[in-house]
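# Overview (structure and organization)
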Amino acid sequence: MPARRRAYTAAFFVPAALYLAVLAAARVIPFGDNTLLLWDANNFYVSFLSYWRGVLAGGHDLWYTFNRALGSSMAGLAAYFLLSPLNWLLLLFPANAMALAYSALVVLKIGLCGLTMFIWLQRRYASGWKGLFFSTSYALCGFMAVYAFHVMWLDALILLPLAALGIHRIVEGGKPFLYIAALWLALVSQYYMGYMLCLFSALYFVYLAGQAKIGLRAFFRRLGAFVPASLLAAGLAAAVLIPAVYTVLRGYSLFDVSLLTLTPVNTALSVLYKAYTASTGVLQLKSGGPNYYVGIPLLVLALSYFACSAVPPRKRLWSLGLLAVFVLSFLFTGPYLVWQAFNLPNYFPARFSFLFSFLLVDLAWQGAAAIPRSGQRRLTVWTVALAAAFLLLTAVLLSQLQYIEYLADRFSKEKEE
């Protein structure tokens, strides 16, 4: 097998194998009796996936069902929960093995996240095998760890690096076909996360064009390719989007514009400490900070990107501006709601934080690549020291806090409320 193919294969299997090891340690199906069917996965998705398996097997109707109340359309539900192409794999599992099928879907999507991120790093920066560490960190980021029970959201994480690569090709004057395909598939697979990817694509186009230092005439030529490509992707997904929007508008009131304010939705501290840990709890799932954790070493490398003189100031300024957009979106209600389709999440906060994780991993690679060889040993020492300091801090905090009882107490209070 050629070296490049081995690298791509490893990019898929390494994060998938690591996650399988975690499942084995936690005795999760197929290694024990526990399951990933937590929260909405248990309350909704497993039933929906079971129905979808029946649709694929020819036993249920795609558009209308009498299994919901006295009968109801399936268009909105299918567009939100069921249209991922990977759901065809449900046919490989018996109808009574949905817990195993769910675990398989999560592991598969984690592997694909590692693969597409590695493709981005390889095609954009010629990363080689070194990119494996960064792609694995993306595939196992905090968003994935916390929201694995929202399996239908994970397709967006797979497609994000491909969409970014497509946008990069447009900015470089190339063809828009990869971007169109990635955005179309994101909108079809799960239009809610696809919407977030549309917003990010617009920002990322401006970001890459600004960094590329192209002239005004060239910028408008690239914009003349980007906008039609975006509209074409949305148009190709219209068969799914129009019924979904119609169904949503029938069931929800219109958004109140007065909610677009700068009222704090998170504190700066609650956003900051999520860079340190991907842990969560019941209260965190209700109204906690964004889940963007990518690992302490990558965080150090991302910070080194801004401190490294080898990176042009123009690029650092544009990167800082894009990160600032996300930080402000984490902190204030107005931009926070814009990212999430003008709807305040009921549990599972900051659902757009995976986009920030992608940016951190990308900047971490650029920071690592920009460090002179003479400074790499010093970086390693500081990274190990910082990680050790965080571990020591964790040990001190946990020795003072009976965290298991704390979570159990909070959970019981939550249920009583």
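Residues numbered from 1 in each chain as written. Predicted model: local features only at pLDDT ≥ 70, side-chain atom pairs only at ≥ 80, totals over all residues. Heavy atoms only, no water.

## Looking at the overall build of the protein chain
When you go through the protein chain residue by residue, the secondary structure sums to 19 helices and two strands. By residue count, 48% of the 417 residues in the protein chain fall in the buried class. A separation threshold of at least 6 residues defines the contact pool for the protein chain, and within that pool the share at least 24 residues apart is 72%. Working note: accessible area of the protein chain is about 20,600 Å², and carbon and sulfur atoms make up 68% of it. (Helix = DSSP H or I, 4+ residues; strand = E, 2+ residues; numbered from the N terminus. Buried < 20%, exposed > 50% of the residue type's maximum accessible area, 1.4 Å probe, protein only. Contact = heavy atoms within 4.5 Å. Areas by Shrake-Rupley, 256 points an atom, 1.4 Å probe, with all protein chains shown as cover.)

## Digging into the packing of helix α1 (residues 3–25) against helix α4 (residues 98–125)
Following both chains from N to C, one finds α1 and α4 inclined at 145 degrees, their axes separated by 8 Å at the closest point. The handedness of the crossing between α1 and α4 is right-handed. Only V106, V107, L108, I110, G111, L112, G114, L115, F118, I119, Q122 and R123 of α4 make contact with α1, whose side of the interface consists of R4, A7, Y8, A11, F12, P15, A16, Y19, L20 and L23. Class assignment for the residues of the contact of α1 with α4 results in 17 nonpolar, three polar and two charged. (Axes fitted to C-alpha atoms, helices over the stretch in contact; angles between N-to-C directions. Left-handed = near helix turned anticlockwise from the far one by under 90°. Nonpolar A, V, L, I, M, F, W, Y, C, P; charged D, E, K, R; others polar.)

## What about the nonpolar core?
The nonpolar side chains of a soluble globular protein tend to be buried, and buried together. Core analysis: the biggest nonpolar cluster contains 126 residues, and Y102, F200, Y204, F326, L355 and F358 have the highest contact counts within it. With 15 residues, the top contributor of residues to this core is α4. In contact with L355, other than residues within four places in its own chain, are L160, M196, L197, F200, F326 and W339. (Core = buried A, V, L, I, M, F, W, Y, C linked by side-chain atoms within 4.5 Å.)

## Focus on the packing of aromatic side chains
Two aromatic rings, taken as a pair, are described by how far apart their centres are and by the angle between their planes. The tally for this structure, following the rule as stated, stands at 36 aromatic pairs. Ring geometry for F330 against F352: centres 5.2 Å apart, planes inclined by 20 degrees, an arrangement best described as stacked. Taken together, the residues span a long stretch of sequence, with F330 in helix α15 (residues 313–331) and F352 in the loop between α16 (333–339) and α17 (353–370) at a distance of 22 residues. Side by side, F330 and F352 carry an identical accessibility label, which is buried. (Phe/Tyr/Trp six-rings, centres within 6.5 Å; stacked < 30°, edge-to-face > 60°.)

## As for empty space enclosed by the protein
A complete count under the given rule lists one cavity of 30 Å³ or more for this structure. Empty space within the largest cavity amounts to approximately 30 Å³. As for the largest cavity, its lining consists of Y45, F48, L49, F81, L82, V151 and M152. The greatest single-element share of the lining of the largest cavity, amounting to three residues, is contributed by helix α2 (residues 40–56). Broken down by class, the residue content of the lining of the largest cavity amounts to seven nonpolar, no polar and no charged. (1 Å grid on protein atoms, 1.4 Å probe; cavity = no way out; pocket = protein on both sides within 12 Å on 5 of 7 lines; lining within 4 Å. Points joined across faces, edges and corners; volume = space filled by probe spheres on them.)

## What about the packing of helix α14 (residues 296–307) against α15?
Running from amino to carboxyl end, α14 crosses α15 at an angle of 135 degrees, the nearest separation of the two axes being 9 Å. With respect to each other, α14 and α15 are oriented oblique. Between α14 and α15, the contacting residues are Y305, F306 and A307 on the first element and K315, R316, S319, L320 and L323 on the second. In terms of residue class, the contact of α14 with α15 is built from five nonpolar, one polar and two charged. (Parallel < 35°, antiparallel > 145°, perpendicular 65-115°, else oblique.)

## Observations concerning the confidence of the model for the protein chain
Taken as a whole, the protein chain shows an average pLDDT of 82; of its residues, 81% reach a score of 70 or greater. The element-level mean pLDDT for the protein chain is lowest in helix α19 (residues 403–416), coming to 42, with helix α7 (residues 154–171) highest at 96. (pLDDT = per-residue confidence, 0-100.)

## Focus: a nonpolar patch on the surface
Nonpolar side chains collect at one region of the surface, where W184, L232 and L236 lie side by side and expose about 280 Å² of accessible area between them. Among the structural elements, W184 can be located in helix α8 (residues 177–189). Assessed through its relative accessible area of 32%, W184 is described here as partly exposed. (Patch = residues over 30% accessible without salt bridge, like charges linked within 9 Å, V, L, I, M, F, W, Y side chains within 5 Å. Salt bridge = Lys/Arg side-chain N within 4 Å of Asp/Glu carboxyl O.)

## Some points on the pattern of salt bridges
Scanning all chains against the criterion turns up one salt bridge. Across the pair K109 and D155 runs a salt bridge whose closest N-O atoms are separated by 2.5 Å. In this pair, K109 sits in helix α4 while D155 sits in helix α7, placing the two residues 46 residues apart along the sequence. Owing to a relative accessible area of 6%, D155 belongs among the buried residues under this scheme.

## Some details on α15
For α15, which comprises 19 residues, the first-to-last C-alpha distance of 26 Å matches the rise-based estimate of 27 Å (1.5 Å per residue) to within 8%. Turning to α15, its buried residues are R316, S319, L322, L323, F326, S329, F330 and L331. (Expected span 1.5 Å × (residues − 1).)

## What about unusual backbone geometry?
Cis geometry is found at the peptide bond from I29 to P30, where omega equals 15 degrees. Tracing the chain through its elements places P30 in the loop between α1 and α2. Unlike most non-glycine residues, A341 shows phi in positive territory, near 60 degrees. Tracing the sequence through the fold places A341 in the loop between α16 and α17. One non-glycine residue, A350, lies in positive phi territory at about 50 degrees. In this structure, A350 sits in the loop between α16 and α17. On the basis of relative accessible area, A350 is assigned to the buried category, the value being 0%.

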